[in-house]
Each structure stands twice: as structure tokens, then as C-alpha cells.
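# Secondary and tertiary structure notes
This is what each chain is made of:
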Amino acid sequence: MEIKERDHLLALKVMRLTRPSLFSTLFLTCDTKDIPYEAFQKELLNDIGAPTNLSMYNTGNLLMLPQSFGNIYLGEIFSCYMSVHNDSSMPVCDVSVKADLQTGTQRIMLSVHGNENIIPKLLPGESVDDVIHHEVKEIGTHILVCSVSYVTESGEKMYFRKFFKFQVSKPLDVKTKFYNAEANEVYLEAQLQNITSNPICLERVSLEPSSYFTAMQLNFVDDKDGFHSVFGDINCLNPLDSRQYLFCLSPKSDVRTNGKFMKGITSIGKLDIIWRSSMGERGRLQTSQLERMAPGYGDIRLTVVELPSIVTLESTFEIVCRITNSCERTMDLILNLDTHCSNGILWQGVTGRQLGKFEPYSSLDLKLNAVAIRLGLMVISGIRLIDSFLKRTYDYDEVAQIFVCPKETDYTN
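Residues numbered from 1 in each chain as written. Predicted model: local features only at pLDDT ≥ 70, side-chain atom pairs only at ≥ 80, totals over all residues. Heavy atoms only, no water.

## Looking at the sheet that holds strand β1 (residues 10–16)
The condition that has to hold: Strand pairing is assigned whenever DSSP identifies at least 2 bridges connecting the two strands. Runs of H or I in DSSP of at least four residues are treated as helices and runs of E of at least two as strands, each being numbered from the N terminus. Angular values range over 0 to 180 degrees, each being the angle between N-to-C directions of two axes fitted as lines to C-alpha atoms, with helices fitted over their stretch in contact.
The three strands lie next to each other as β1-β5-β9, forming an open sheet whose pairing is antiparallel. Where the open sheet ends on each side, the last strands, each with one partner, are β1 and β9 (127–135). Within this sheet the neighbouring strands show an average axis-to-axis angle of 15°, counted without direction.

Written out as C-alpha cells, the structure reads:
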């Protein structure tokens, strides 16, 4: 037969530990000429929770202890106080207190009394107290199960349990976008939205890159006052407000030179977010491994490595292009330069020249010369690569832009 807790010699009390909240006063007011005005003012003056000299301000100057389990958000530290008290007039022996947290996917054993499982003796009026902490890492329903077992003076073994159910919600909605640059850099845009009911402060937002990249955050500016965030010293986020963070990921040197690995890299890294509630409670949120869609470069990839931004009219300038064999077969390439495709830019040099054989995932830096014959913003086009094995032509138009200015104009200043 199941024994109710009130029939036991011991009593178990569990209370969540959380910061207090500001006490909000409920006031009634009316026009100064109305009859109840003086009565309302008298009630406000007698209210101990009303702020001094701010009678119409509803947030008082008192702190209020939590009245319930309250909201628990992912990444917060869940703390609770457990107390087992001997309410009887008889001592008990071999008292054991255990606690575990059940989620939708697992059951977690929590440390109680420093894993000291048995309390040899508990006299009348004495209690066993402990505080347990656990970082919440899952959303959804959580059940805290507290169990107590002991032995009476007559040798009878007794046992009872208590269950406490609470919900864990997400504090932030995280959305990401990826942009693949020509020079193998990856730009990550992360949008964070506060979906709680109270303001929160974003203490740190960082990116832990995967082993293939190094990361740099682009949300800082360096001016005469020093290096600081564009969001200010205190990045406070009201409910439903959003922030956009931008990161640049550059491939490491050993990955950059290996086209085979660079082509198939999808793992970017993890976002690590540290935030605080309006009362200073700390929470940490880490995303799962972020994945991008690997860019498709085709059989041959051509990128512009060096190019002046401004050139003068009728002057020769140099373009450095990098040609990469992105396929798994050896290619024998021929370079053709088509002047008719580039309006305002004339190629200089030999067209139809052999570039030689390209092993799989190998690269070559190619120097090309051109002359500008028109003013304004010109587009570089007309680069043709012919695979002599398959008789296939690869066209590269609008690979870059360049500004052409008159000869007498000096843009150096």
C-alpha cells in the first residue's frame, strides 16, 4: 500500500532559487477636481511599495520574492534548494536523498550532498539541506524527481518521491545566412531576436570556427575613441527586437592551397552567445554545427587575384588571374583573349597560347595585360579557356570592374 507523504516521518521541501523581481504597485487615480482624488492620494501615500516622490510610477522600490517556478530559458543555470526535515519526535537512520532531471530524451542524475548518499542519523527537528545546480541544454518539458528513503527506529524501510514539472523555452531565435566570396572567404550573417517577455542584454556573441577556418567579427569599429562595438557598450535587446551580426571566415593556409578539400568543406562553426536577463541572471546559448551549401565551381575556376581599382586612359595595366582545376582529371588548357566582348578594354599579348597540363586541384597564377580606351567604369570580359582533350570552351565574362579616368586627373590624393 502506498504511504502518503503526510504519514511519513520526514518532509521534503523544494524551492527554485532565482533573483527577485521589482514590486509593481497598482494605483488608482483621477482628476484633481474629482471627489475620490484625496482618498486615492491617501492610499498611494500609505502604500509602502510606492516609490518615493513618484506617485504615478508603477514600479516600486521594493523587491519581490518569486511566487512560482517562473520562466526558465535554454542555457540558464537551473538552481533549486532542497530541504528534508524530521517533523517527528523520533530519530531516523540511513537517510538518502536523490534527485534526477527527466527530459524528453534523457535522464540526468543531479549531485546531492556532494554525492554523499547516506546520512547516518537525523534527529527530531534536524534537517538536511542542499542546493543543486544544472545548466539547461534542452527545450521542452522537464520533470525534477526528488526521492527520499530512510529507516525508522523499528527497522522499517520507508520511501517517497515528489515530482516538479516545468517548461524550458528558447530565449533567442537565431537565423543564419551564408555568402560565398570569390577568394574562398565565407561571410556569415547571424540574426538574433529576443523572444522572451523581458529585455535581455547580449554580453557576448562570438563564432567558434571549424578547424578549416579562422573567423573575424565585423561588428566592431576603430575610431579615435578606440575599438568598440557598433551596438554600444550595453547591447540591450527589448522583446521582439533583433540584432544582425556579421562574421568573415577565411580558410587556413593549408586548406586554401588544397582545392580538393576547399571544394567540399561545408562545416563552418558554432555560434556562442552569452546573455543576461534584466535582473542579471546569466545564460549561455550555443548553436549546433552550422553547415553551408558547398559552392559549385565547375571544372575550371577563375578568380581575379590582383587588379588596380583606377587606371588612366590609354595606359596599360596588369591583371593577375588564378586558374584552378576543380575536377578530378588532368586538363590541357589553351588561353584565348576575345577583345570584342570587353567594350572599352583591349587585351595585349598572345592569344591562343598553350598553358600546359593542369593536374587535378592544381592552380596557376596568370598575368594578363590590357589597355583602356574609354572613360568610366569598365567591365573585364573576354577570357576563354579551351580544354584540348574534350574540345570544350569555358567563357569568363564580367570577372571584374575597373574605373578609367583621364590622363591629367590625379586620384592619388
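## Let's talk about the sheet that holds strand β13 (residues 186–194)
Sheet architecture is open: four strands sit in the order β12-β13-β19-β15, paired in antiparallel fashion. The strands lining the two open edges of the sheet, one partner per strand, are β12 (172–180) and β15 (213–217). Looking at each pair of strands side by side, their axes are set apart by 25° on average, direction ignored. Pairing analysis gives eight bridges linking β13 to strand β19 (residues 242–251), with the strands arranged antiparallel. Considered in β19, the bridge of Gln193 is made with Ser242.

## Overview of a nonpolar patch on the surface
Selection rule: Distance thresholds for patches are 9 Å for like charges and 5 Å for nonpolar side chains (Val, Leu, Ile, Met, Phe, Trp, Tyr), applied to residues having over 30% relative accessible area and no salt bridge. We get accessible surface area from the Shrake-Rupley algorithm with a probe of 1.4 Å; when it comes to residues, only the shown protein chains can shield them. The rule for a salt bridge is simple: a side-chain nitrogen of Lys or Arg has to be within 4 Å of a carboxyl oxygen of Asp or Glu.
The grouping of Tyr179, Tyr187, Met216, Leu218 and Leu246 at the surface amounts to a nonpolar patch, some 430 Å² of accessible area in total. For Leu246, the position within the fold is in strand β19.

## Notes on the pattern of salt bridges
Stated precisely, the cut-off is as follows: Only protein chains enter the accessibility calculation, which uses a 1.4 Å probe. A residue is then buried if its area is under 20% of the maximum for its type, exposed if over 50%, and partly exposed in between.
Counted by the stated rule, this structure contains 11 salt bridges. A salt bridge links Arg384 to Asp395; the shortest N-O distance between them is 3.2 Å. Linking Arg384 in strand β31 (residues 383–387) with Asp395 in strand β32 (residues 392–396), this pair joins segments that are 11 residues apart in sequence. Take Arg384: its relative accessible area is 11%, and that puts it in the buried class. Several salt bridges converge on common partners, so that one network encompasses Asp299, Arg329, Asp387 and Arg392.

## Here's the deal with the confidence of the model for the protein
In plain terms, the rule: Confidence per residue, as judged by the predictor, is encoded in pLDDT with a range of 0 to 100.
On average, residues of the protein score 83 in pLDDT, and 86% of them reach the 70 mark or higher. Per-element mean pLDDT across the protein ranges from 56 in helix α3 (residues 259–264) up to 92 in β13.

## Observations regarding the packing of aromatic side chains
For the record, the criterion: Here the aromatic set is Phe, Tyr and Trp, taking the six-membered ring for Trp, and pairing holds for ring centres within 6.5 Å; pairs whose planes are under 30 degrees apart are stacked, those over 60 apart are edge-to-face, and all others are tilted.
Enumeration according to the criterion identifies three aromatic pairs in this entry. Look at Tyr73 and Trp275: their rings are 6.4 Å apart centre to centre, the planes differ by 80°, and that puts the pair in the edge-to-face class. Of the two residues, Tyr73 is situated in strand β4 (residues 72–73) and Trp275 in strand β20 (residues 267–277); the sequence distance between them amounts to 202 residues. Exposure remark for Trp275: the relative accessible area of 1% places this residue in the buried category. When the ring of Phe78 is compared with that of Phe166, the centres are 4.8 Å apart and the planes differ by 20°; the resulting orientation is stacked. Of this pair, Phe78 sits in strand β5 (residues 77–86) while Phe166 is found in strand β11 (residues 157–169), placing the two residues 88 residues apart along the sequence. Note on accessibility: Phe78 and Phe166 belong to one class, buried.

## Observations concerning the environment of Thr103
Where we set the bar: Contacts are residue-level and defined by heavy atoms, with any inter-residue pair within 4.5 Å sufficient.
Looking at where Thr103 falls in the secondary structure, it is placed in the loop between β6 (92–102) and β7 (107–110). With relative accessibility at 15%, the residue Thr103 sits in the buried group. For the pair formed by Thr103 and Glu138, sequence separation is 35 residues and the distance between their alpha carbons is 7.6 Å. Setting aside anything within four residues of it in sequence, one finds Thr103 in contact with Glu138, Thr141 and His142.

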